[in-house]
Amino acid sequence: MTKRTAHGTGARLADSAGALAAKADLRGRTQARAADLKDKAGALTVQLRAGATRAGHHAQDRAAKGGHGTQEQLTKARHVLLERALRAGHVVQEQAERAGHVASEKAVEAGRAAEEHLPRSARGALRSTRSSSRPMLIAGAALAVAGAVVAGVMSRARRR
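Here goes a summary of the coordinates provided.

Conventions used here
Residues numbered from 1 in each chain as written. Predicted model: local features only at pLDDT ≥ 70, side-chain atom pairs only at ≥ 80, totals over all residues. Heavy atoms only, no water. Helix = DSSP H or I, 4+ residues; strand = E, 2+ residues; numbered from the N terminus. Buried < 20%, exposed > 50% of the residue type's maximum accessible area, 1.4 Å probe, protein only. Contact = heavy atoms within 4.5 Å. Areas by Shrake-Rupley, 256 points an atom, 1.4 Å probe, with all protein chains shown as cover. Salt bridge = Lys/Arg side-chain N within 4 Å of Asp/Glu carboxyl O.

### As for the overall build of the protein chain
Phase 1: From N to C terminus, the protein chain includes four helices and zero strands.
Phase 2: Along the protein chain, from the amino end to the carboxyl end, the secondary structure elements read α-α-α-α.
Phase 3: Relative to its 160 residues, the protein chain shows a buried fraction of 7%.
Phase 4: Of the contacts formed within the protein chain by residues at least 6 apart in sequence, a portion of 43% connects residues at least 24 apart.
Phase 5: In the form shown here, the protein chain has an accessible surface area of approximately 13,500 Å², with 61% of it arising from carbon and sulfur atoms.

Right, dumping it as structure tokens:
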């Protein structure tokens, strides 16, 4: 064996011995594997936390959009209800005005009809109130109605 060959064989034997020693170091290999698994678990934990954070932000955004949508729908519904209430109020106001006009006209007619049953002295007073303002006309009509009622009561009393 030459020196070169012996040296090459020695190097191969040293490599083989080192490989065998590494294989025989079960504790060292186990610790290295545990460290690798620990690193992988840490990386997965970071990924899971990032995914959970993204999912949380997404859910929060969707909830906010849903809340805004609901708020807009409620605002629209409130406006629709207000508009309907205003329209209904106007209808009631118009009907009340019409009823007031009809009542006023009927009061005037009743006043004129009652005027025929009043004594002549009361008729003159009633005619003078017609030229004044509307409240006076209504008051005169009320007096005429009262006079007609009194006249009707007295005529019934006479008949008995």
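### Quick look at the pattern of salt bridges
Phase 1: With the rule as written, the count across this model stands at two salt bridges.
Phase 2: E94 is the partner of R98 in a salt bridge, and the nearest nitrogen-oxygen pair spans 3.8 Å. Here E94 and R98 lie together in helix 2 (residues 26-115), a separation of four residues that amounts to about one turn.

Read these as spatial facts, not as claims about activity.
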